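So you can see what is in the structure, the chains are spelled out below.
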Amino acid sequence: MAAEVQKSLTKSPDALVVFAAPQHDHQAMLSAIKRELPETIVVGASSAGEFTNVTSGQGLACAMGLVGEDVVFSHSIGRNLARDAASAAQEIVSRFTPTPPGQFPFRSALVLADALAGHADILVDQLTLATAGQYQFFGGGAGDNAQFQKTTVFCGDEVLSDAAVALEILSSKPLGVGVSHGWRPASKAYRVTASDGMRVISLDGFPAIEAFEEHAKETAQNLDRKEPLPFFLHNIIGVETGVEHRLRVPLAVDPGGAVICAAEVPTGSVVRIMRTSTESAVAAAKVASNAALSALGGRPAAALFFDCVATRLRMGDEFGSELASLQERFSDVPLTGCNTHGQIARAEGQFSGFHNCTAVVCVFPE
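All chains use their own residue numbering, which begins from 1 and follows the written sequence. Per-residue local features are limited, in this predicted model, to residues with pLDDT of at least 70; the limit for side-chain atom pairs, both in listing and counting, is 80 or more; totals at the level of whole chains, interfaces and linings are taken over all residues. Side-chain measures here rest on the full set of heavy atoms in the structure, leaving out hydrogens and waters.

1. What to know about the sheet that holds strand β2 (residues 41–46)
To keep it simple, the criterion reads: Only when DSSP finds a minimum of two bridges between them are two strands counted as paired. Under the scheme used here, helices are H or I runs from DSSP no shorter than 4 residues and strands are E runs no shorter than 2 residues, and both carry numbers assigned from the N terminus. Axes, fitted as lines to C-alpha atoms, cover a helix only where it is in contact. Angles between the N-to-C directions of the axes lie from 0 to 180 degrees.
Read from one edge to the other, the open sheet built from five strands follows the order β5-β1-β2-β9-β10, with strand pairing classed as mixed. Pairing within the sheet leaves two strands with one partner each, and these edge strands are β5 (61–66) and β10 (158–160). Put simply, the sheet's adjacent strands are angled 15° from each other on average, direction ignored. Two elements, strand β1 (residues 15–20) and β5, share six bridges in a ladder whose sense is antiparallel.

Right under this line is the structure:
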């Protein structure tokens, strides 16, 4: 992999972003990259589907090399994410450049987190506070093909669990970040009357699953409490934020009727059950791409794309239509990305934080 990246560039990359399916020997892969590119900063994550301009699938490994005269990179790790996400954020930011040189006024960071550690919402919020809102963040949660057993992030030749990694990017030109999901409300509003992290215990005072069962009956859909995922992939939770709905994917139902989600849903929040279509998902990827290009304000040199593994599972073969729209949009520049267990996006003019079922595009300037 490292040799292929090296061949496509005029010199060794300053930074390398790597996505690799869980069945790969990540430690051996990173060690080989370090031998080939000893001076290159390496960050990455296990993934749940991988893609480039020319190929896509599951079980792959892909990478993007970044190089430029008008950009500076650094890397950092935040550990013990499950126990203290705020401290993990502080640990990451402590390695950021305290006073960037004047020729690099634009500050961004790619952030990849162990999704199973949870608290990614808190992590992104704390990163924003710790950097006084001067950075835009993009990235996602590491994946394992929706097995939800073990997800890892990479930094250098380390394979890490219960951690987040960041690639700080200081540049003379802005990076463009775009976000869109294409889901629309399909139910009445519910108040989250009890929740515990990723467990939505009750909606409007009743066991959370009852709201989904009522919605399934009203819309003539099948919902099996023992195997709810086929229903949940098409009927996810939208948390009202005042501008957009932040999405959460339900995964399972516990014996008490609580719904376990892929990310936290706060007590007291107002939620709706959401719906979408293949056409809406494809359109959302286009909207995210156009927003990223608009924020860039110039010609793109490369693009990273993150979308949810739940989107791939819901769309099946039709996910290829969404990828094809991105591959066509960025046919002239390198495109690399993966399906993640949650997406990270915080940029000016974008609804922000940690998302599910959302397309996130980052475009790098020439």
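2. Here's the deal with the pattern of salt bridges
What counts is decided by this rule: By salt bridge we mean one thing: a side-chain nitrogen of Lys or Arg within 4 Å of a carboxyl oxygen of Asp or Glu. Accessibility here uses a 1.4 Å probe with only protein chains present; expressed as a share of the type maximum, an area under 20% marks a residue as buried, one over 50% as exposed, and anything in between as partly exposed.
All told, the structure shown has eight salt bridges when counted by the stated rule. The partner of R246 in a salt bridge is D121, with the nearest N and O atoms 3.4 Å apart. Of this pair, R246 sits in strand β18 (residues 245–248) while D121 sits in helix α4 (residues 120–130), and the two are 125 residues apart along the sequence. A relative accessible area of 13% places D121 in the buried class. A salt bridge links D254 to R199; the shortest N-O distance between them is 2.9 Å. Remark: R199 occurs in strand β15 (residues 199–203) and D254 occurs in the loop between β19 (250–253) and β20 (259–261); sequence separation between them is 55 residues. The partly exposed category is assigned to R199, whose relative accessible area is 29%. The structure contains a network of salt bridges with shared partners spanning D121, R246 and R248.

3. What about the sheet that holds strand β11 (residues 163–171)?
Definition in use: For this analysis, residues touch if any pair of their heavy atoms sits within 4.5 Å.
The sheet built from six strands is open, its strands ordered β6-β11-β7-β8-β24-β25 with mixed pairing. One side of each edge strand has no neighbouring strand; the edge strands of this open sheet are β6 (71–79) and β25 (353–355). Shown here is a sheet whose adjacent strand axes are inclined to one another by a mean of 20°, direction ignored. Of the strands in this sheet, β6 and β11 touch helix α3 (residues 85–93), which is tilted by about 150° from β6.

4. A few points about the pairing of β18
Of the two faces of β18, the one lined by H245 and L247 and the one lined by R246 and R248 are each fully buried. As paired elements, strand β17 (residues 236–240) and β18 share four bridges and run antiparallel to each other. Pairing of E240 across the sheet is with H245, part of β18. Counting the residues in the hairpin turn of β17 and β18 gives four residues, including G242, whose phi is positive at 95°.

5. What to know about the packing of helix α7 (residues 278–296) against helix α9 (residues 319–329)
We count it as follows: Here the angle decides the label: under 35 degrees means roughly parallel, over 145 means roughly antiparallel, 65 to 115 means roughly perpendicular, and every other value means oblique. Throughout, a crossing is termed right-handed when the near helix is turned clockwise from the far one, and left-handed when it is turned anticlockwise from it by less than a right angle. Polar here means any residue outside two lists: the nonpolar Ala, Val, Leu, Ile, Met, Phe, Trp, Tyr, Cys and Pro, and the charged Asp, Glu, Lys and Arg; Gly therefore counts as polar.
Relative to each other, α7 and α9 sit at 25°, their axes nearing to 8 Å. In terms of their interaxial angle, α7 and α9 are classed as roughly parallel. Note that α7 runs across α9; the crossing there is right-handed. Between α7 and α9, the residues in contact are A281, V282, A285, K286, S289, N290 and L293 and S321, E322, S325, L326 and R329, respectively. In the contact of α7 with α9, the residues fall into five nonpolar, four polar and three charged.

6. Concerning α7
Which entries qualify depends on this criterion: Every helix has an expected span of 1.5 Å times one less than the residues it contains. Arc definition: it is the arc formed by the directions from the helix axis to the C-beta atoms.
In this model, α7 (19 residues) spans 27 Å end to end at C-alpha, consistent with the 27 Å of a helix rising 1.5 Å per residue. Of all the positions in α7, only T278, A281, V282, A284, A285, A288, S289, A292, L293 and L296 are classed as buried. Buried residues of α7, viewed axially, fall in a sector of 165°; they line one side. Among the exposed residues of α7, those pointing more than 90 degrees away from its buried face are E279 and S294. On its buried face, α7 sits against β12 (176–180), β22 (300–308), α8 (309–315), α9 and β26 (359–365). Phi turns positive one or two residues past the end of α7, at G297, with a value near 70°.

7. Topic: empty space enclosed by the protein
For clarity, the threshold we go by: With a 1 Å grid laid over protein atoms only, a set of points is called a cavity when a 1.4 Å probe fits there but cannot get out and a pocket when it is open yet has protein on both sides within 12 Å along at least five of seven lines; lining residues have an atom within 4 Å of a point. Grid points are joined across faces, edges and corners, and a volume is the space filled by probe spheres set on the points.
Per the counting criterion, the structure on display carries three cavities of 30 Å³ or more. Put simply, the largest cavity is a space of about 110 Å³. Around the largest cavity sit 14 residues that line it, and F148, V249, L251, V309 and A310 are the ones nearest its centre. Considering every element that reaches the lining of the largest cavity, the biggest residue donor is α8, with three residues. The residue inventory of the lining of the largest cavity, partitioned by class, reads eleven nonpolar, three polar and no charged.

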